[in-house]
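# Descriptive structure summary
The lines below spell out each chain.
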Amino acid sequence: MSLGIERPDWVLAQPPSARGSVYAVTCDNVSAAAGRVSFVLGLRGPCSSVDTACSSALSALHGGAHAVRGGECGVALTLAVSLKLVPHGTLGAASAGMLSVDGRCKTLDVRANGYVRSEGAGAAVVWPEVRGGGVVERLAGSAVRQDGRSASLTAPNGSAQRTLLHVALGRVALGRAEVDVLEAHGTGTALGDPTEAGSLGAVHGQSSSRQTVPAVGASKASVGHSEAASGQVGLLRALGLLEAAETAGNSQLRVLNPLVGERLGGSSSSFLLPTQEGAGHAPRAQRVGGVSSFGYSGTIGHAVLQRAGADVTLASVAPPALR
């Protein structure tokens, strides 16, 4: 099993008198979180807690899928969790100017002024083949990379993001023109959204072989940024859209950020950016989705999903009503 998790707020929330207990000693680091799940469930395969900040969930998924493909385990349980139990992280993010003053992640919108922290938890089971036949969603491929050197530790790197998308697509028998659902990282920041839009435009933009227009959205506009668990939330949203063959609206999108529009191709953009009212059913032909998750540590991840019937398959908890 593989668990995406970061800052152990539970430890900081305990009074000093409780920190010397046996339970506290075995729970004051993130490694024990994955170990305890394996202990309770009796799992004996590879077990790790993954902390790559906001990309922890997809990093954990990538590791679990790699273990299944490599034969280290027959089935992988991948999870992610983020609980905000103490104010330290929120105060630090606010002092750095990262948070939205009105408490909304206005992804892709001209009003974007930061993100809002939220909690989240989710799980997905990864197995190597379709069981029982039928049409299912599969994890076609994934990639995890690093920003490397950029303007600062937390600043996004558009070039690294483009490479990440190319690497993820290169590991599957799918072309960029076949992707028609894109779950963006989309925190709703003045720097992050245009940078990510530029990467999406460069990789998934104009293509003579494209038959569908990819819809771009982000769960954070509906439920906030759950940080370590955000990739899992985005994954579940994308899986839900693929299963329902729907295009979800971007709940905070009113007026498109001009920089986002320009980097997606301007007036000739080949992307669908539906508002809440613009959501609806999409063609049921080829259904392929991409999910991005970028950590402020610089570790970035992308997963490619396909509604098909082979390879590494995902069985997921049903996502909440994010639309």
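Residues numbered from 1 in each chain as written. Predicted model: local features only at pLDDT ≥ 70, side-chain atom pairs only at ≥ 80, totals over all residues. Heavy atoms only, no water.

With that settled, the discussion passes to the overall build of the chain. What the chain contains, in helices and strands, is 10 helices and 12 strands. Per-residue burial for the chain yields a buried fraction of 53% across its 323 residues. Relative to all contacts within the chain whose residues are 6 or more apart in sequence, the contacts with residues 24 or more apart total 80%. Within the structure as shown, the chain displays about 14000 Å² of accessible surface, and the carbon and sulfur contribution to it stands at 56%. (Helix = DSSP H or I, 4+ residues; strand = E, 2+ residues; numbered from the N terminus. Buried < 20%, exposed > 50% of the residue type's maximum accessible area, 1.4 Å probe, protein only. Contact = heavy atoms within 4.5 Å. Areas by Shrake-Rupley, 256 points an atom, 1.4 Å probe, with all protein chains shown as cover.)

Orientation of helix 6 (residues 158-170) relative to helix 7 (residues 192-204), taken along the N-to-C sense of each, is 40°, at an axis distance of 9 Å. In terms of their interaxial angle, helix 6 and helix 7 are classed as oblique. Our pair here, helix 6 against helix 7, has a crossing hand that is right-handed. Seen from helix 6, the contacting residues are G158, Q161, R162, L165, H166 and L169; seen from helix 7, they are T195, E196, S199, L200, A202, V203 and H204. (Axes fitted to C-alpha atoms, helices over the stretch in contact; angles between N-to-C directions. Parallel < 35°, antiparallel > 145°, perpendicular 65-115°, else oblique. Left-handed = near helix turned anticlockwise from the far one by under 90°.)

Residues W10, Y23, L83 and L85 make up a contiguous nonpolar surface patch of about 400 Å² in total accessible area. The exposure class of Y23 is partly exposed, given its relative accessible area of 45%. (Patch = residues over 30% accessible without salt bridge, like charges linked within 9 Å, V, L, I, M, F, W, Y side chains within 5 Å. Salt bridge = Lys/Arg side-chain N within 4 Å of Asp/Glu carboxyl O.)

Its place among the elements puts V50 in strand 2 (residues 48-50). C-alpha separation for the pair V50 and L79, spaced 29 residues apart in sequence, amounts to 10.0 Å. If near-sequence neighbours (up to four positions away) are discounted, V50 is found in contact with S2, L3, G4, I5, S56, S59 and A60.

So, on to the side chain of S142. Positionally, S142 belongs in strand 5 (residues 136-146). Accessibility expressed as a relative area gives 6% for S142, which makes it buried. A polar contact of 2.7 Å, which involves the side chain of S142, links it to the side chain of H62. (Polar contact = N/O pair within 3.5 Å; in protein donor to acceptor, adjacent residues only side chain to side chain.)

As a further point, take the nonpolar core. Counting residues in each nonpolar core, the largest one holds 25 residues, and the members touching the most others are L174, L182, L200, V216, L264, F271 and V304. Counting only elements with at least two residues in this core, the list comes to strand 5, helix 6, helix 7, strand 10 (288-294) and strand 11 (299-308). Among the elements that line this core, the one with the most residues is helix 6, at five residues. Contact partners of L182, with chain neighbours within four places excluded, come to L200, H204, P214, A215, V216, G217, F271 and G290. Judged by nonpolar contacts, the second largest core, of 21 residues, contains A67, L139, V181 and V291. (Core = buried A, V, L, I, M, F, W, Y, C linked by side-chain atoms within 4.5 Å.)

All told, the structure shown has five salt bridges when counted by the stated rule. A salt bridge links R237 to E183, with the nearest nitrogen and oxygen atoms 2.7 Å apart. Of the two residues, R237 sits in helix 9 (residues 230-244) while E183 sits in strand 6 (residues 181-183), which places them 54 residues apart along the sequence. Grouping residues by exposure puts R237 and E183 together as buried. What you see here is one network of salt bridges that share partners, running through K84, R117 and E227.

So, on to the side chain of N257. Within the secondary structure, N257 is located in the loop between strand 8 (246-247) and helix 10 (258-263). Relative accessible area serves as the criterion here: at 10%, N257 is assigned to the buried category. Of the polar contacts made by the side chain of N257, one reaches the backbone nitrogen of L259; its length is 2.9 Å. In this structure N257 touches L108, D109, V110 and P194, once residues within four positions along its chain are discounted.

The side chains of a regular strand alternate between both faces of the sheet. With seven of its seven residues buried, strand 10 lies for the most part within the structure. In this sheet, strand 10 lies alongside strand 6 in parallel orientation, the contact comprising three bridges. Counterpart to E183 in the pairing with strand 10 is V291. (Pairing = 2+ DSSP bridges.)

With 13 residues, helix 6 ought to run about 18 Å at 1.5 Å a step, and its terminal C-alpha atoms sit 18 Å apart, in line with that. Within the sequence span of helix 6, burial applies to G158, A160, Q161, L164, L165, A168 and L169. A distance of 3.1 Å separates the backbone nitrogen of S159 from a side-chain oxygen at the start of helix 6, and that oxygen is part of N157. (Expected span 1.5 Å × (residues − 1).)

For the chain, mean pLDDT is 86; residues scoring 70 or higher make up 86% of the total. When the criterion is pLDDT under 50, residues 316-323 qualifies, and its contacts beyond four places in sequence or with other chains add up to 18 contacts. (pLDDT = per-residue confidence, 0-100.)

A separate point is unusual backbone geometry. Positioned with a positive phi, A53 is a non-glycine residue whose angle comes to about 60°. Considering the arrangement of structural elements, one finds A53 in the loop between strand 2 and helix 4 (56-69). A positive phi angle, near 70°, is found at L108, a position not held by glycine. One can find L108 in the loop between helix 5 (88-95) and strand 4 (120-127).

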